[in-house]
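Chain by chain, the residues:
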Amino acid sequence: MNDSQGPLSAGTRPDHAPADHPRIPAPKLGVLIANLGTPDHYDYWSMRRYLGEFLSDKRVIDIPNWKWQPLLQLIILTKRPFTSGKNYKSIWNHDKGESPLMTITKAQTEALAQRMEGMFGDQVMVDFCMRYGNPSTRSVVDRMVKAGCEKILFFPLYPQYAGATTATANDEFFRALMKQKRQPAARTVPAYFDSPHYIEALAQSVERAYDAAPERPELLIASYHGMPRRYLMEGDPYHCQCQKTTRLLRERLGWVADSIHTTFQSVFGREEWLRPYTVEHVAELAKSGVKRIAVVAPAFSADCIETLEEIEGEIREAFEHAGGESFTYIPCLNDDPLHMDVLAHLAAENLSGWTG
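For the structure given in this document, a descriptive report is provided here. Since we're looking at a predicted model, the values are computed, not measured.

Next up on the list: helix α8 (residues 238–253). Here α8 spans 23 Å end to end across 16 residues, near enough to the 22 Å set by a 1.5 Å rise per residue. Of the residues making up α8, those classed as buried are Y238, H239, Q241, C242, T245, T246, L248, L249 and L253. The inward-facing, buried residues of α8 abut α6 (196–212), β5 (219–225), α7 (229–233) and β6 (260–265). In the segment just after α8, G254 is the residue with positive phi, at about 75°.

This part takes up empty space enclosed by the protein. Empty space among the atoms can be located by rolling a probe the size of a water molecule over them. Counting across every chain of the model gives one cavity of 30 Å³ or more. Forming the boundary of the largest cavity are 13 residues, of which L202, A297, P298, F300 and L333 lie nearest the centre. When grouped by side-chain class, the residues that make up the lining of the largest cavity number 11 nonpolar, two polar and no charged.

Turning to the sheet that holds β5, a few remarks are in order. Strand pairing in a sheet is mediated by backbone hydrogen bonds. Such pairs are either parallel or antiparallel. With respect to topology, four strands assemble into an open sheet ordered β6-β5-β7-β8, the strand pairing being parallel. Pairing within the sheet leaves two strands with one partner each, and these edge strands are β6 and β8 (326–330). Each strand of the sheet is rotated relative to its neighbour by a mean of 25°, with strand direction disregarded. Note that β5 and strand β7 (residues 292–296) share four bridges and pair parallel.

Pairing within the open sheet is parallel, and its four strands lie in the order β2-β1-β3-β4. Strand pairing shows two members of the sheet lacking a second neighbour, β2 (124–133) and β4 (185–188), which therefore form its edges. Neighbour-to-neighbour, the strand axes of the sheet open up by a mean angle of 25°, direction not taken into account. Relative to β2, strand β1 (residues 28–38) is paired through nine bridges, and the arrangement is parallel. By the bridge assignment for β2, T38 is matched with G133. Across the face of the sheet, helix α1 (residues 44–55) comes into contact with β1 and β2 while running at roughly 95° to β2. Where helix α3 (residues 100–120) meets the sheet, it contacts β1 and β2, and its direction lies at approximately 160° from that of β2.

So, on to the environment of W68. Examined against the element boundaries, W68 turns out to sit in helix α2 (residues 65–91). Residues W68 and H345, 277 residues apart in the sequence, show an inter-C-alpha distance of 41 Å. Excluding residues within four positions of it along the chain, W68 makes contact with L55, I61, I63, I76 and F268. In terms of polar contacts, W68 uses its side chain to reach the backbone carbonyl oxygen of L55, at 2.8 Å.

Mapped onto the secondary structure, R252 falls in helix α8. Distance from R252 to E200, taken between C-alpha atoms, is 7.4 Å for residues 52 residues apart in sequence. Among all residues touching R252, those that are not within four sequence positions of it are I199, E200, A203, Q204 and E207. Within the structure, R252 has its side chain in polar contact with the side chain of E200 (distance 2.6 Å).

Approximately 1000 Å³ is the volume found for the largest pocket. Secondary structure elements with two or more residues in the lining of the largest pocket: β1, α1, α2, α3, α5 (163–177) and α10 (305–321). A class-by-class count of the residues in the lining of the largest pocket yields 29 nonpolar, 13 polar and five charged. There is about 330 Å³ of room inside the second largest pocket. Considering the residues around the second largest pocket, the lining is formed by 16 residues, among which I63, W68, F268, G269 and R270 are closest to the centre.

Right, let's talk about the packing of helix α4 (residues 137–146) against α5 for a bit. The angle between the axes and the distance between the axes are what describe a pair of packed helices. Between α4 and α5, the shortest axis-to-axis distance is 9 Å and the interhelical angle comes to 50°. On the basis of the axis angle, α4 is oblique to α5. When you trace α4 past α5, the crossing you get is right-handed. Residues T137, R138 and V141 of α4 touch α5, and the partners they reach there are E172, F173, A176 and L177. Residues of the contact of α4 with α5, tallied by class, amount to four nonpolar, one polar and two charged.

Now for the packing of aromatic side chains. On inspection of all chains with the given rule, the structure shows 14 aromatic pairs. A centroid spacing of 5.1 Å and a plane angle of 65° characterise the contact between F54 and Y132, whose relative ring orientation is edge-to-face. Here Y132 lies in strand β2 and F54 lies in helix α1, a separation of 78 residues in the sequence. Per residue, the accessibility class of F54 equals that of Y132, and both read buried.

Parameters at a glance
- Residues numbered from 1 in each chain as written.
- Predicted model: local features only at pLDDT ≥ 70, side-chain atom pairs only at ≥ 80, totals over all residues.
- Heavy atoms only, no water.
- Helix = DSSP H or I, 4+ residues; strand = E, 2+ residues; numbered from the N terminus.
- Expected span 1.5 Å × (residues − 1).
- Buried < 20%, exposed > 50% of the residue type's maximum accessible area, 1.4 Å probe, protein only.
- Contact = heavy atoms within 4.5 Å.
- 1 Å grid on protein atoms, 1.4 Å probe; cavity = no way out; pocket = protein on both sides within 12 Å on 5 of 7 lines; lining within 4 Å.
- Points joined across faces, edges and corners; volume = space filled by probe spheres on them.
- Nonpolar A, V, L, I, M, F, W, Y, C, P; charged D, E, K, R; others polar.
- Pairing = 2+ DSSP bridges.
- Axes fitted to C-alpha atoms, helices over the stretch in contact; angles between N-to-C directions.
- Polar contact = N/O pair within 3.5 Å; in protein donor to acceptor, adjacent residues only side chain to side chain.
- Parallel < 35°, antiparallel > 145°, perpendicular 65-115°, else oblique.
- Left-handed = near helix turned anticlockwise from the far one by under 90°.
- Phe/Tyr/Trp six-rings, centres within 6.5 Å; stacked < 30°, edge-to-face > 60°.

In short, shape yes, function no, at least from these values alone.
Structure (structure tokens):
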């Protein structure tokens, strides 16, 4: 056996190379899934670090620094870590010492790795990163390159494209590549808001929830993460993609028009955001006499603070306080086997031409 056939763990040295030549790992493909992020803990300083990184992102808040940073550093980051920390504590996975988003993303990574191994053997390495917090995109890209990934497929887990989600995740990925001496080839997975496989997985989750409900909900609310309306007017396709996801879901379910309402949650600041606002809309429905609703969150690939605390807490409370009687939250697709099949299909599709 010559040097080029040595074990991967030690790396290999090119034939005829001098003894001090660095060892090179066997070439691999990488699939790197990315989600929004999570604080390391719900204490004040962990929350402040996380929120500071998130709210300093120009893709999220595009106000000029001279105007935004004093407000952020002196007021928002002084008060908000306490309230956000309390919210995170209420949903925290105390057994594992991490947020539910972290727990679910780890499970998704493991499930996707198993499917990739079934398709491609040991040719593909699967890992995950967070746009904000840990593990950082840069640290995981560095790990994958050192493991021998000469080509990396970057997979933001956002079905609908938005500048504040997909684009900023891609930005951070490309910034990480800029730090590499030996830069891998790279691809990104596009939005999959209209993928028949994704719509099917979403529809089946709704059907399961409706089958399990004591009484059938009168309406389904598709609640998407909000964004300033100005972004839509500036060309961001998110709003249109959300609307199409809702329409395709309704058509797949075979429901009549107006049986699903598209709304937007997580409004921040004083600027006008995409409407209708979920929290206001569910209250208006209850006041109009609607007693039973279900809520699904098609923009989230994993349950997180926005679903487990905001939908299950604030939005549920708004509906019930206004007279609603039955509120059903339909969990995100998470690591459901059908969802993982969808992600594996999309990954394999975007690896086309790279795999042997």
